[in-house]
Amino acid sequence: MTGKRDLLTLDDLRAQGILAVLDRADELKALRRSGEAMPKPLAGKSVGLIFEKPSTRTRVSFEVAVFELGAHPVVLNARDTQMGRGEPIEDTARVLSRYLHAIVIRTFADAVLAKLAKHATVPVINALTDGGHPCQVLADLQTVREHKGTLTGLRYAWIGDGNNVANSWIEACNLLDLELVLACPKGYDPTASVDGKRVRVVRDPREAMAGADVVITDVWASMGQEAESNTRKEAFAGFIVEPGAMRAANKGAIVLHCLPAHRGEEIDGVYLDGAGAVVWDEAENRLHTQKALLEYLVR
Ligand code: CP
Ligand code: NVA
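As the structure is a computational prediction, the values presented were derived from the model and not from experiment.

Student: Could you give an account of the overall build of the chain, with specific residues and numbers?
Tutor: When helices and strands are counted, the chain shows eleven helices and nine strands. For 299 residues, the compact-globule estimate of 2.2 N^0.38 gives 19 Å, and the C-alpha radius of gyration of the chain, at 19 Å, lies within 12% of that figure. Projected onto its principal axes, the C-alpha coordinates of the chain cover approximately 55 × 45 × 35 Å. Considering the chain as a whole, with its 299 residues, one finds that 53% of them fall into the buried category. Taking the contacts inside the chain whose residues are at least 6 apart along the sequence as the reference set, 72% of them involve residues at least 24 apart.

Student: Explain the site of ligand 1 to me, and be specific about the residues and the numbers.
Tutor: Around ligand 1, the neighbouring residues are Ser55, Thr56, Arg57, Thr58, Arg106, His133, Gln136, Cys258, Leu259 and Arg286. At 2.6 Å from an oxygen atom of ligand 1 is found a side-chain nitrogen or oxygen belonging to Ser55. Arg286 places a polar side-chain atom, nitrogen or oxygen, 3.1 Å from an oxygen atom of ligand 1. When ligand 1 is considered free in solution it has 260 Å² of accessible area, and contact with the protein chains removes 95% of it. Tallied by class, residues from the shell around ligand 1 come to two nonpolar, five polar and three charged.

Student: I'd love a proper account of the pairing of strand 3 (residues 102-106), names of residues and values included.
Tutor: Here strand 3 lies mainly inside the structure; five of its five residues are buried. As defined by bridge partners, strand 1 (residues 46-51) adjoins strand 3 across five bridges and the pair is classed as parallel. Pairing of Leu49 across the sheet is with Val104, part of strand 3. Inspection of the sheet shows strand 3 paired to strand 4 (residues 124-126) by three bridges, in the parallel sense. Residue Ile105 lies in a different strand from strand 4, and its bridge partner there is Asn126. Traced from strand 3 through helix 4 (residues 110-119) to strand 4, the parallel crossover comes out right-handed.

Student: Hey, could you go over the side chain of Gln142 for me, with residue numbers and the actual values?
Tutor: With respect to the helices and strands, the residue Gln142 is situated in helix 5 (residues 134-148). Setting aside residues up to four positions removed in sequence, Gln142 forms contacts with Leu22, Ala25, Asp26, Lys29, Asn285, His288 and Thr289.

Scoring rules and cut-offs
- Residues numbered from 1 in each chain as written.
- Chains lettered and ligands numbered in written order.
- Predicted model: local features only at pLDDT ≥ 70, side-chain atom pairs only at ≥ 80, totals over all residues.
- Heavy atoms only, no water.
- Helix = DSSP H or I, 4+ residues; strand = E, 2+ residues; numbered from the N terminus.
- Rg over C-alpha atoms; globule rule 2.2 N^0.38 Å.
- Buried < 20%, exposed > 50% of the residue type's maximum accessible area, 1.4 Å probe, protein only.
- Contact = heavy atoms within 4.5 Å.
- Near = heavy atom within 4 Å.
- Polar contact = N/O pair within 3.5 Å; in protein donor to acceptor, adjacent residues only side chain to side chain.
- Areas by Shrake-Rupley, 256 points an atom, 1.4 Å probe, with all protein chains shown as cover.
- Nonpolar A, V, L, I, M, F, W, Y, C, P; charged D, E, K, R; others polar.
- Pairing = 2+ DSSP bridges.
- Right-handed = clockwise from strand over helix to strand, strands pointing away.

Below you can see the structure in the form of structure tokens.
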């Protein structure tokens, strides 16, 4: 036992860890804006960032986060490594643990992430798998607190695919006791555990949006599902977050999207280009929450 702490799903942080990360992310955000000297708690360390899928936000925000914490980021496109030629993930985990102080990975199967974490002796962080995107939801939660002043007592609506981001939102709501209604077409339900009380799945987007304070959506075809794009477009017709549908939500409701977005498909451009758009704060908060997370996990 190494006693290391991983973030494979939000369950690894538990409610207390999530709230500690959010509080610290707020402090780090304020400090960065103040122009004061930043703490360098990871000085002299190195953090690996492995990507098996494309990324803009996660890659850049983690690389900058590692740098600003005083550590050195080692960014690896898996295709350019021996992983891409079939070196077992177990062996990769053992070798990288001899050099690095943490490993951040974006991959496909959650089983790959689990195997990496099992065989690594340093913390492993999920930077998106087919089953979850916990780092995204940490940033989303920070954004909700900034714009609504609280996490509790709000109604959350997820509109669209029961995908990786939806699963991590379900975990967050289960841990933090938040009320979430997901509207997913039949056949596109999330895999995370839904209790039917605090978290419910419905088929009608308007039912989910009714009385919501926070409306969350994401692409209809995630990375790796490109071949299903056309079928999914048909299945998700009517699942767009747009001003007409948003009338059912509470006044002042905010719309979150992890990005990249498809204007006119899952989301109307007004929630990206309009004055009230919060998605850019949401994207920025990836940086602050991941800095807080690295500080929390890496010793
Ligand atoms: N939201 C998010 O994870 O974006 P990237 O795919 O650009 O990293
Ligand atoms: N659900 C999307 C999120 C992208 C950040 C995907 O997995 O492609």
